[in-house]
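Chains, contacts and geometry: an overview
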Amino acid sequence: WDNADFSRGVGTTFYQEFSTLNTAKPPFVRDVEAKIRRYLRSSYSAAWTLKITWEKAPAYSAWTDTQRTITYQAILTTDGFRSYVLMLYQEGGMRWDYTRLAATNVLIGYT
């Protein structure tokens, strides 16, 4: 998921689960559904959604730079048949100084 380092007490991670099968959907879940419909041109109605947020996360290893932090989210959602992942980054993109990371072949996204 990431190469963040919370060992210096900078930043935090939290999550929120939305089970929406047979219940009213909060605005957040309706927004996720709208994004999937828009970008994938697919009808979609979420039965379950998980939002994970890394807030003010410093890059590994934090001892080199705790000033450049990034806030980002992974949204996992399924209708019971199809599943999707949305990866959202704060405006301005990844702010870590990749030249100071242990590995410089960084990738935003997944393979």
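Parameters and conventions
- Residues numbered from 1 in each chain as written.
- Predicted model: local features only at pLDDT ≥ 70, side-chain atom pairs only at ≥ 80, totals over all residues.
- Heavy atoms only, no water.
- Phe/Tyr/Trp six-rings, centres within 6.5 Å; stacked < 30°, edge-to-face > 60°.
- Helix = DSSP H or I, 4+ residues; strand = E, 2+ residues; numbered from the N terminus.
- Buried < 20%, exposed > 50% of the residue type's maximum accessible area, 1.4 Å probe, protein only.
- Lys NZ or Arg CZ within 6 Å of the ring centre and 35° of its normal.
- Pairing = 2+ DSSP bridges.
- Axes fitted to C-alpha atoms, helices over the stretch in contact; angles between N-to-C directions.
- pLDDT = per-residue confidence, 0-100.
- Contact = heavy atoms within 4.5 Å.
- Polar contact = N/O pair within 3.5 Å; in protein donor to acceptor, adjacent residues only side chain to side chain.

1. Here's the deal with the packing of aromatic side chains
Remark: the centre distance and the inter-plane angle together describe each pair of aromatic rings, the angle taken between the planes. Considering all chains together, one arrives at four aromatic pairs under this definition. Relative to Tyr 89, the ring of Tyr 72 has its centre 5.8 Å away and its plane inclined at 20°; by these criteria the two rings are stacked. Here the residue Tyr 72 occupies a position in strand β3 (residues 69-78), and Tyr 89 occupies one in strand β4 (residues 83-89), the gap between them amounting to 17 residues. With relative accessibility at 5%, the residue Tyr 72 sits in the buried group. With relative accessibility at 30%, the residue Tyr 89 sits in the partly exposed group. Joined through ring pairs, the aromatic side chains of Trp 54, Tyr 72 and Tyr 89 make up one cluster. Looking at Lys 51, its charged tip hangs above the ring of Phe 28, at a distance of 4.5 Å from the centre.

2. Quick notes on the sheet that holds strand β1 (residues 12-19)
Reading across from one edge, β1-β2-β3-β4 is the order of the four strands in this open sheet, with antiparallel pairing throughout. On the outer flanks of this sheet lie β1 and β4, each paired with one strand and no other. Looking at each pair of strands side by side, their axes are set apart by 10° on average, direction ignored. Note that β3 and β4 share seven bridges and pair antiparallel. Considered in β4, the bridge of Ala 74 is made with Met 87.

3. A look at the confidence of the model for the chain
The predicted coordinates of low-pLDDT regions are not to be read in fine detail. Of all residues in the chain, 79% attain a pLDDT of 70 or more, and the chain-wide mean is 83. Averaged pLDDT values over the elements of the chain bottom out at 90 in β4 and peak at 94 in helix α1 (residues 27-40).

4. Describing unusual backbone geometry
For Arg 41, which is not a glycine, the phi torsion comes out positive at approximately 50°. Position of Arg 41 among the secondary structure elements: in the loop between α1 and β2 (48-58). Even without glycine at this site, Lys 56 takes up a positive phi of about 50°. Residue Lys 56 is classed as exposed on the basis of its relative accessible area of 52%.

5. Focus on the environment of Glu 17
In this fold, Glu 17 is placed in strand β1. Residues within four places of Glu 17 in sequence aside, it is in contact with Trp 48, Thr 49 and Leu 50. Polar side-chain contacts of Glu 17 include one of 2.6 Å to the side chain of Trp 48.

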